[in-house]
Amino acid sequence: MAIEFTKYHGLGNDFILIDNRLSSLPVVTPEQAIKLCDRHFGIGADGVIFALPGENGTDYTMRIFNSDGSEPEMCGNGIRCLAGFLADLEGESRNKDSYRIHTLGGVMTPQLLSNGQVKVDMGLPKLLAGEIPTTLAPAEEKVISLPLEVAGKTWDVTCVNMGNPHCITFVEDVAAIELETIGPKFEHHPVFPQRINTEFMQVVRHDYLKMRVWERGAGITLACGTGACASLVAGVLTGKCDRTATIELPGGPLQIEWSEIDQRVYMTGPAQKVFTGKL
Ligand SMILES: N[C@@H](CCC[C@H](N)C(=O)O)C(=O)O
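Heads up: these notes are all about the structure in this document. Along each chain, numbering runs from 1 in the same order as the chain's sequence is written. Given that the model is predicted, a residue must reach a pLDDT of at least 70 before its local features are reported, and side-chain atom pairs must reach 80 or more before they are shown or counted; all residues, however, enter totals for whole chains, interfaces and linings. Each side-chain value is worked out from all heavy atoms of the structure, with water and hydrogens disregarded.

For the ligand, the set of nearby residues contains 14 residues, the closest of which are Asn13, Gly76, Glu215, Gly225 and Thr226. Calculation of accessible area relied on Shrake-Rupley with a 1.4 Å probe; when residues are assessed, cover is drawn exclusively from the protein chains displayed. When isolated, the ligand has an accessible area of 370 Å², and the protein chains bury 99% of it. Sorting the residues of the shell around the ligand by element identifies helix 2 (76–90) and helix 4 (225–237) as the ones contributing at least two each. Note on residue classes: Ala, Val, Leu, Ile, Met, Phe, Trp, Tyr, Cys and Pro are nonpolar, Asp, Glu, Lys and Arg are charged, and everything else, Gly too, is polar. In terms of residue class, the shell around the ligand is made up of four nonpolar, eight polar and two charged. Here, proximity means that at least one heavy atom of the residue falls within 4 Å of the molecule or strand. Under the scheme used here, helices are H or I runs from DSSP no shorter than 4 residues and strands are E runs no shorter than 2 residues, and both carry numbers assigned from the N terminus.

Here's what the structure looks like:
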């Protein structure tokens, strides 16, 4: 069976998108996704994203497999790419500029802006240890600025769930972090029963932060949308940044706001189509 796909990226965080609107089961298995994501023997991507029929009254459902075949609950850059992909699929019949998308991390609402960017209502951040999940603190307590031993060093960490789990640590210089060695140690640390995405943050100004990320199931990526949102929330909780800021990632900037009015997090950034193909 031939399967058409479209390659997209959001600030270099790249995905293979598949039109899965005729079935509620992904047409590609996790094992196949690993092969497709391989940068030498496959198409090459950080993950495979499926546009499925909507559940619970939503317009569509998004599911995603990481490049290691695991299934995360949410993907921020991916949902912007999905919005662009859906607009393309709908073509002339499109009658709206925003979609309600069911994900395993909750309902998200990406909106296609007239300047080509996509703004996403990423919902409410979850902060309790039991919601992250982590055993770093009792389940009903927040994990803000707590010590965590990783690779013989004590890191000051804050944890935020933006649909998927994140551990954020603020450092003097993100460029000096040996991501390749330290990242996997955070990801597989026993205090994170479902593994973790880890963001290393440098405050340049209160409204401008640099970020590098080690993603659960994908390793080093050029950008992470949920990670940028979680990091801004962590920065606000620890008094390090404003509620609206630019997060500068290796792949480019994202605009993030944690609204004082509705307490929801909003992310704005690009979604770029790269090419189409057939498997
Ligand atoms: N790059 C994504 C996050 C993808 C999922 C992540 N690797 C996980 O396992 O939670 C983003 O832009 O949010």
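Take unusual backbone geometry next. Of the consecutive residues isoleucine 132 and proline 133, the connecting peptide bond is found in the cis state with omega at -5 degrees. Mapped onto the elements of the fold, proline 133 is located in the loop between strand 7 (118–121) and strand 8 (146–150). Backbone geometry places asparagine 56, a non-glycine residue, at a positive phi of 50 degrees. Looking at the secondary structure, you find asparagine 56 in the loop between strand 3 (47–53) and strand 4 (60–66). Here the term buried applies to any residue with accessible area under 20% of the maximum for its type, exposed to any over 50%, and partly exposed to those in between, with areas from a 1.4 Å probe on protein chains only. For asparagine 56, a relative accessible area of 68% translates into the label exposed.

Moving on: the nonpolar core. Among the nonpolar cores identified, the biggest contains 53 residues, and Leu82, Ile247 and Ile256 are the most heavily contacted of them. The criterion used for residue contact is that any of the two residues' heavy atoms lie within 4.5 Å. Look past the residues within four positions of leucine 82 in its chain and what remains in contact with it is Leu17, Ile49, Phe50, Ala51, Met62 and Ile101. We define the nonpolar core as a collection of buried residues of types Ala, Val, Leu, Ile, Met, Phe, Trp, Tyr and Cys that are connected through side-chain atoms lying within 4.5 Å of one another. Counting 22 residues, the second largest nonpolar core, distinct from the first, contains Leu136, Phe186, Phe192 and Ile196.

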